Each structure stands twice: as C-alpha cells, then as structure tokens.
Amino acid sequence: MEMIREYWPYLLLAIGIALILAFLLLRPKQRVTLSDSAPIRPHMTQAAPPEGRGIAGEAAAATSDVTGEFLRAPVHQHLKDDDSDDLLLLKGVGPKLADTLQSLGFSRFEQIAKLTPAEMERVDAQLGAFRGRLSRDRIVEQADYLARGDTDGFEQRFGKL
C-alpha cells in the first residue's frame, strides 16, 4: 500500500500517456488535400451544367455547377450499365484506370472527349497513380474518335482496336 502512495504520480502519468496514445492511434483517418483544388465531396444531386460548358448532358454527375470541381460518383454508377462505353478500348486505359474514371463519373466516350484543358487538369489531379495519363496517352483525343464512331480514324492514329 505504501508503494502505491509513493508511485501514484507515475501511475497517473502512465495512464494519461496510454489514453493519449489510444486516442491518436484509434481515431479515424482524415484525408488531406495538398493541392489548390478543394477536397472531393460526396456526390449529391445537382442540376445540369449551363450551356457552353466543356462537359454536357450525361456528364453532369461528374461536375458541380457552382464550383466547377469534380465530385465522386455514387458507388453504383461505376458498374457497367447498358449505356456506358467500354473505356478499355482507349489505348493506355487498363481496368484500374477505367474503374477510377468511372468512379469519377465518366462512363461514356463523349464525356471524356468534351473535357476542356482546365477540366483535364482537375480530373488528372484526382487520378492518383495514373496522374498524367490523360495527356501522355492522348486519351481525350482517342475518346473523341470513338465518341464520333470514327474507328478508321482512330486506328490510323492509334493502332488497331
């Protein structure tokens, strides 16, 4: 008993340190964005973009009217549905990059083909390990050929489908 009285300050200090460490190690991880763009927000409903925007119609799920920043599409939207294109036809797009593009709301060639240079930069910043692939592999140009149905022009420029 006398030993506890003698060491109680050290015991309280050890308990306090253990609680602080438990708090730091068990708290939820937070995403930190170090770029100029705002962090990705969960996708909600939104209106179609105004006329003249680089992405129109069905791509409305990928951009925000107010801020112009790209939002994540709902999880169910990245699943292959009847009206989505096979993004794997684009040279340089593999299954992981196709899934990443679909999670950002891009499931059609038209959506990718209508990206403006500023929108390309915003999308590129969200591609993680695939950053730089849109311009290096000329994916927007490829998507433009396939969106128009010009497979001959595509094959002349990029090789066989």
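The following refers to the structure shown. (Residues numbered from 1 in each chain as written. Predicted model: local features only at pLDDT ≥ 70, side-chain atom pairs only at ≥ 80, totals over all residues. Heavy atoms only, no water.)

The subject of this paragraph is the overall build of the protein chain. Across its full length, the protein chain carries seven helices and zero strands. Tracing the protein chain from N to C terminus, the helices and strands come up as α-α-α-α-α-α-α. By the burial criterion, 32% of the 161 residues in the protein chain qualify as buried. A separation of at least 24 residues holds for 51% of the contacts in the protein chain among residues at least 6 apart in sequence. In the form shown here, the protein chain has an accessible surface area of approximately 11000 Å², with 60% of it arising from carbon and sulfur atoms. (Helix = DSSP H or I, 4+ residues; strand = E, 2+ residues; numbered from the N terminus. Buried < 20%, exposed > 50% of the residue type's maximum accessible area, 1.4 Å probe, protein only. Contact = heavy atoms within 4.5 Å. Areas by Shrake-Rupley, 256 points an atom, 1.4 Å probe, with all protein chains shown as cover.)

To continue, consider the nonpolar core. Formed by 24 residues in total, the largest nonpolar core has its most connected members in Leu87, Leu90, Leu101, Ile112, Val123 and Leu127. With five residues, the top contributor of residues to this core is helix H6 (residues 139–148). (Core = buried A, V, L, I, M, F, W, Y, C linked by side-chain atoms within 4.5 Å.)

This part covers unusual backbone geometry. Here arginine 138, not a glycine, exhibits a phi torsion of approximately 55 degrees, which is positive. Mapped onto the elements of the fold, arginine 138 is located in the loop between helix H5 (133–136) and H6.

The next thing to look at is helix H7 (residues 151–158). For an α-helix the count is 3.6 residues per turn, leaving residues at separations of three or four pointing the same way. Among the residues making up H7, those that are buried are Gly153, Phe154 and Phe158. Each buried residue of H7 lies within a common arc of 100 degrees when the element is viewed along its axis, so the set occupies one face. The outward face of H7, more than 90 degrees from its buried face, is lined by the exposed residues Asp152 and Gln156. The inward-facing, buried residues of H7 abut H6. Downstream of H7 by one or two residues, glycine 159 has phi in the positive range, about 100 degrees. (Arc of directions from axis to C-beta.)

Read these as layout, nothing more, since geometry by itself doesn't imply function.
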